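Working through the structure, step by step
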Amino acid sequence: MKTPLFLLSLPVLLVPHAEGRAADATPERDAFFESKVRPLLAEHCYECHSEQKKIKGGLALDTKQGWEKGGETGPALVPGEPGRSLLLKAVRYEDSSLEMPPKKRLSAEQIATLEQWIQMGAPDPRVAAPGTRTANPTNRIEEGRKHWAFQPPVKKPLPTVRNAQWPKNAVDRFILAALEARELKPVAPAGKRELIRRATFDLTGLPPTPQEIEAFLADESPQAFERVVDRLLASPHYGERWARHWLDVARYAEDQAHTFGVNPNTSAFRYRDWVIGAFNRDMPYDEFVKRQIAGDQLGESPEQTREQIASLGFFGLGAVYYKNSDAAKAAADELDDRVDTLTRGFLGLTVSCARCHDHKFDPIPTQDYYSLAGIFRSCQLTNSPLAPEDEVRKFDAAQAAIKNLEKQLKEVAVKARMESLESELERVPNYVQAAWQQSQKPKTGKPAALGELAAQTGLREAQLKRWTDFLSGKKPADFSSMRPWSHLLEKPVKQMEGSLAGGSEMPEEVVAVSAAIRENLRTALLEWKEALTKNPKGDGLKGAAKELDTLVGEKGPLAMGQDELAQVHSGFAEVKRACDEAKKNAPPMYPVAHTIMERKAEDMPVFIRGNPAKPGDLAPRRFLRILSRDMDPPRFTKGSGRIELAEAIANPENPLTARVMVNRIWKHHFGKGLVGTPSNFGLLGEAPTHPELLDYLAIRFVETGWSIKNLHKELMLSATYQLSSASDAHNERVDADNQWRWRMQRTRLDVESWRDALLAVSGQLDASLGGPSFPLSDASSRRRTVYAKVSRHDLASLLRLFDFPDANITSDKRTETTVPQQQLFVLNSPFMSEQARHFTKRLHADPDLADDAARIQRAYTLAFGRPASAEEQDWIRAYLREADPKDAQPLNKLTRWERVSHTLLSSNEFLYVD
């Protein structure tokens, strides 16, 4: 049933977590506890609050039962209510009698982690009895190999089905067999309009044009839909759409959130564009994997390496942490980011949970975590040139020459200041007295403007400005030569009438102070000259010499502009001309990519409980034992080991790599993966609903050369993909979640497709490919949203409002929320109003649309891919015939036709795809 024209989607408020209720277990919640909370408790709390060591105050925190029971002061925490949780009050030091840990307060970040955990409902997957010791790693790995995900995919015969007419390909045989086993039947196929809209959004993130729809409707051949799929896969917009899915996994962003200074990665777009190009070229997935891990080691020539080195942005754009307070921990956090993104992204494993202890669920010992971390510790983030070596050398040589000239310019400037200061100090009293006069507020009138005062007194305006700015601030008190000025301000001085130019007499106290400052500066000048003669660089200046060096600095009262320096020293002007000429003729900066590169390769020790200050045994750089043939995999010896790591992950015999990617692609086509936890195939992840189908697709994926486009085609040409989204009463009772795929899932557009579709329908979309990112705050930009800047520090409000993922961590799926702010944006934002105006203008500018009836039909085809019903046409025409009351304020100052356009663009039908 279609949404009536003027019934906009009503906001459904998210229900907050039930008061005081523990969180329902989910892999994401459990992973948060394992990676963030358990290590924190182990390092800072277990020493006094664990059954393996001691229990102070009756409180054990090494088990879920322990904190649920609480200690002598009551329950340790109340799930969902940080404000009522004693644990949080203790770590915040809110009560002097209850301050934990007692030796050293937790950092603000650690306290925030505990607060977030409690707010989430305190998820805690620990089920082992207190005091249980970790099993022998070898035994755990042998036992863990029984888990389905660690066993090689097996290609079994296609299942037999009763309804042999329904399947279009092998995918359907597996789906139908599971349906028939549960007495379920697939619903009818989707109509051609639904199907082309679904396929076009799926593969390009854009709506189909009316011309594309009509061509598909007119093509009655059995290959009609296959031709649509081939056309969409060949479109450059395909790469833009599917690159965005991968960029979520790669936690792509263009700056940092964990540093005090936000340093933008201005060349981050090169990685994004590389991913887009890789999808458009249908780069084999095994090569796609290897290039992102070790692209710098795969080129057969320097030219080939440069072409693919942007692929290393997968790691090169990772998290960077502030290192001044605890550099070792920050460095460990950066390694953790790389291990986590690598293993969850390519392998679907939460290896990061083994950072502080053996993984509590999966067969991954802590040593295996540090085997991988050691690979990345043997690398460093850098900016790699994307230009030939001779171009780089020319640029570097030009910059070295400029740097040398700037050094000469500074030396000449110092010499010029030395020569001019002697005579200039004679005029210091004049500047001080003029600055004092400027600081006074006569009873009548205002102080003279600086330019006027400078002209009256014969002083240089720029110099006078520097003196008045300096003496009016707080800095004079920091300089011994300026202390007379501070003393002057501490006692009342008779106010001066008139002006210096008018012959008025300066108060004696001011005259004395200005003379004292001059003498102090003369003394300092002698020390400054002597110090700079011995050490021209000025390193280690002390006392009066250091003070004077500051006063002649860029903003000091004794500074001189470059024009002023040129007037007093001819050599300065000559060097400045040479410096300016060198800058003018210097070649432009060569392009770079943010990458990861080799440095000294060495194994790293296991950090006991994740603490860098407590190193244990060395962990050899090698692959995970659970994914290796034997219990002692070969050590990585080629540099850091990245190339060997890449080959191990992209190995066809690896049981996870193909499965994980196949599942991701299935998820984006069908709304949910065959494995419901796309980045967790471990024991805490969900089991596949159709394990034999997953194995079949993984094997086919490898057999067809790891071709992602072939996989798209096989899935989309299946009868399963081409089902309608209609409901069925019997099927709903048996399988309300549609996990057995008896119908197509209705899906909501993500923010990128929604914004792009608005621009496309209104005729405003800029379809140009690649290049630097643009800020979404720029209302004039009409580029696709994949090219918008992604900030970890300050995410664009539109992305934040419509469920864009957190770019600080790898993301396997988008959360979907429906909150009032989204509807308010749709109703009130200037962006929506602007698209409504352009949409209306497009309809009225088309010469083929002679009247409102034709425009209404075209509007519906553009927005929804279907014609308007007779009832919808009647509603709109009736609305257009009416006039606004004379005293009414038009909605967002839109005309009636523009309001119709606004309503169509704001409707649920525009936002959802069947």
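How each quantity is defined
- Residues numbered from 1 in each chain as written.
- Predicted model: local features only at pLDDT ≥ 70, side-chain atom pairs only at ≥ 80, totals over all residues.
- Heavy atoms only, no water.
- Salt bridge = Lys/Arg side-chain N within 4 Å of Asp/Glu carboxyl O.
- Helix = DSSP H or I, 4+ residues; strand = E, 2+ residues; numbered from the N terminus.
- Buried < 20%, exposed > 50% of the residue type's maximum accessible area, 1.4 Å probe, protein only.
- Core = buried A, V, L, I, M, F, W, Y, C linked by side-chain atoms within 4.5 Å.
- Contact = heavy atoms within 4.5 Å.
- Axes fitted to C-alpha atoms, helices over the stretch in contact; angles between N-to-C directions.
- Parallel < 35°, antiparallel > 145°, perpendicular 65-115°, else oblique.
- Left-handed = near helix turned anticlockwise from the far one by under 90°.
- Nonpolar A, V, L, I, M, F, W, Y, C, P; charged D, E, K, R; others polar.
- Disulfide = S-S within 2.5 Å.

Across all of its chains, the model carries 56 salt bridges by this definition. In this structure, the salt-bridge partner of Arg-629 is Glu-653, at a minimum N-O distance of 2.6 Å. Linking Arg-629 in the loop between strand S4 (615–619) and helix H26 (642–649) with Glu-653 in the loop between H26 and helix H27 (657–670), this pair joins segments that are 24 residues apart in sequence. Exposure class is identical for Arg-629 and Glu-653. Each is exposed. Put simply, Glu-240, Arg-755, Asp-756 and Arg-784 are held in one network by salt bridges that share partners.

Moving on: the nonpolar core. Soluble globular proteins tend to bury their nonpolar side chains together. With 164 residues, the main nonpolar core has Trp-246 and Trp-754 as its most contacted residues. Examining the composition of this core, we find that eight residues originate from one element, helix H6 (residues 170–181), more than from any other. Sequence-distant contacts of Trp-754, that is, excluding residues within four places in its chain, are made with Leu-749, Leu-798, Phe-802, Phe-825, Val-826, Met-832, Leu-905, Phe-910 and Leu-911. Counting residues in hydrophobic clusters, the runner-up holds 37 residues, among them Leu-459, Phe-470, Met-482 and Leu-488.

The next thing to look at is the packing of helix H21 (residues 483–490) against helix H22 (residues 508–534). Packing of H21 against H22 leaves a shortest axis separation of 8 Å and a crossing angle of 160°. It follows that H21 is roughly antiparallel to H22 by the angle criterion. With respect to the hand of their crossing, H21 and H22 are arranged in right-handed fashion. In this structure, H21 contributes Pro-484, Trp-485 and Leu-488 to the contact, and H22 contributes Glu-509, Val-510, Val-513, Ala-516, Ile-517 and Asn-520. In terms of residue class, the contact of H21 with H22 is made up of seven nonpolar, one polar and one charged.

What the rule picks out here adds up to zero disulfides. Here Cys-353 is not disulfide-linked; the sulfur of Cys-356 is the nearest cysteine sulfur, at 9.7 Å. Looking at Cys-356, the relative accessible area reads 12%, which means it is buried.

Here we take up unusual backbone geometry. Comment: phi is negative for the bulk of residues other than glycine, and the bulk of peptide bonds are trans. One non-glycine residue with positive phi stands out, namely Arg-741, at about 65°. Among the structural elements, Arg-741 can be located in the loop between helix H30 (729–734) and strand S5 (747–748). A residue is classified by how much of its surface remains accessible, and Arg-741, at 5% relative accessible area, is buried. Positive phi outside glycine occurs at Asp-803, with the angle close to 70°. Within the secondary structure layout, Asp-803 lies in the loop between helix H32 (797–801) and helix H33 (820–828).

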